[in-house]
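# Commentary on secondary and tertiary structure
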Amino acid sequence: MSRVSQPWPPVPVEPAEAHPKAPPAGTELGVHFGECFGCGDEVESGLHLRSRVGEGQTVHSKFTVTAAHQGAPGLAHGGLLACAFDEALGSTVGNLLRRPAVTGKLETDFRRPVPVGSTLYIATRLDGIAGRKIYVSANGRLDAEDGPIAVSARALFVVVGFEHFSTHGDPQALEKLAAAHEKAKRAREERDWEINP
């Protein structure tokens, strides 16, 4: 049975313009929350996904599959790969558009196995905006930025207000996140002072 591909985005969209304060191409993106399973440093078995801003409306991410990430013996778990794409796609939305948004829909296509020990290179792009809906897509290549495509994904993110996180999130985790952002802000200001006295 052949699969009929639906158009993407599925609705008319406006171009997604990067926020004026979005990081420029080449910028290595930091961890948004230390306890994030996708990018955080404090989760030992997490993905430790690392990202940098590309040209245009793109972000390039990568992560190495470890034994903690396997499903079938020696192969990455499919749900974990979907998690990696959710993180990469969300990082693109958050960093380029600088708008709080949450995943509304995530579709993944698994094209080839991703073995333990391999590195997945994920190239993500903003596809368009329709009101509060943000459409993004990505390809994950095996072991090199030009390697064979192993997984593709496309997602719909929905812009939300901060109250979404303050109402549904853990207050202690939000306080920790706010403290980390304040510390990062102070570090940026100190670097700017050293560079431009």
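Quick look at the structure, then. This one's a predicted model, so the numbers in the text were calculated from it and none came from an experiment.

### A few points about the sheet that holds strand β7 (residues 149–159)
- The antiparallel open sheet is built from 7 strands, whose spatial order is β1-β2-β3-β5-β6-β7-β4. Since the sheet does not close on itself, it has two edges, and those belong to β1 (28–29) and β4 (101–110), each with one partner.
- Bridge count for strand β5 (residues 119–130) against strand β6 (residues 133–142) is 10 bridges, and the pairing is antiparallel. Across the sheet, Tyr 121 pairs through a bridge with Arg 141, a residue of β6.

### A closer look at the nonpolar core
- Ranked by size, the top nonpolar core spans 34 residues in total, and within it Phe 63 and Ile 134 carry the most contacts.
- Secondary-structure elements contributing two or more residues to this core are β3 (58–64), α1 (78–97), β5, β6 and β7.
- Beyond its immediate chain neighbours, meaning those up to four positions away, Ile 134 contacts Val 93, Leu 97, Ala 101, Leu 126, Gly 128, Ile 129, Ala 155, Leu 156, Phe 157 and Val 159.

### Some thoughts on the side chain of Thr 92
- When you line up the elements, Thr 92 lands in helix α1.
- If sequence neighbours within four positions are ignored, Thr 92 has contacts with Val 59, Leu 97, Thr 124 and Leu 126.

### Remarks on unusual backbone geometry
- Here the amide bond leading from Trp 8 into Pro 9 is cis, since omega sits at -10°, within 30 degrees of zero.
- Assignment of secondary structure puts Pro 9 in the segment before β1.
- In this structure, Arg 98 takes a positive phi of about 55° despite not being glycine.
- Position of Arg 98 among the secondary structure elements: in the loop between α1 and β4.
- Residues other than glycine seldom take positive phi values, yet Asp 143 does so here, at roughly 65°.
- With respect to the secondary-structure elements, Asp 143 resides in the loop between β6 and β7.
- Asp 143 sits in the partly exposed class, given a relative accessible area of 47%.

### Thoughts on α1
- Given a rise of 1.5 Å per residue, 20 residues ought to cover 28 Å, and the 28 Å separating the end C-alpha atoms of α1 matches this to within 8%.
- Directly after α1, the chain includes Arg 98, whose backbone phi takes a positive value near 55°.

### Thoughts on the packing of aromatic side chains
- Going through the model one piece at a time under the given rule, you end up with 1 aromatic pair.
- Between the aromatic rings of Trp 8 and Tyr 135, the centroid separation amounts to 5.3 Å while the plane-to-plane angle is 80°, which identifies the pairing as edge-to-face. With a gap of 127 residues between them, Trp 8 in the segment before β1 and Tyr 135 in strand β6 connect regions that are remote in the sequence.

### Topic: the pairing of β7
- Where burial is concerned, most of β7 is hidden: 9 out of the 11 residues are buried.
- In this sheet, β7 lies alongside β4 in antiparallel orientation, the contact comprising 9 bridges. Residue pairing in the sheet places Thr 103 in a bridge with Phe 157 of β7.
- For β6 and β7, the ladder comprises 9 bridges, and the chain directions are antiparallel. Bridging from a neighbouring strand, Ala 138 pairs with Ala 153 of β7.
- The hairpin turn running from β6 into β7, its antiparallel successor, is 6 residues long, and Asp 143 in that turn takes a positive phi close to 65°.

Conventions adopted
Numbering of residues starts from 1 in each chain and follows the order in which that chain's sequence is written. Local features in this predicted model are restricted to residues whose pLDDT is 70 or higher, and side-chain atom pairs enter the listing and the counts only when it is 80 or higher, whereas totals over whole chains, interfaces and linings include all residues. Hydrogens and water molecules were not included; the side-chain quantities draw on all heavy atoms of the structure. In this scheme, strands are said to pair when DSSP sees at least two bridges between them. Going along the chain from the N terminus, every DSSP run of H or I of four or more residues is numbered as a helix, and every run of E of two or more is numbered as a strand. As used in this record, nonpolar core signifies buried Ala, Val, Leu, Ile, Met, Phe, Trp, Tyr and Cys residues forming a set joined through side-chain atoms within 4.5 Å. Throughout this description, buried means an accessible area under 20% of the type-specific maximum (1.4 Å probe, protein chains only), exposed means over 50%, and partly exposed covers the range between. Contact definition: two residues touch when any of their heavy atoms are within 4.5 Å. What a helix is expected to span follows from its residue count: subtract one and scale by 1.5 Å. Two rings belonging to Phe, Tyr or Trp (six-membered ring only in the last case) form a pair when the distance between their centres is within 6.5 Å. Interplanar angles under 30 degrees mark stacking, angles over 60 mark edge-to-face geometry, and anything in between is tilted.

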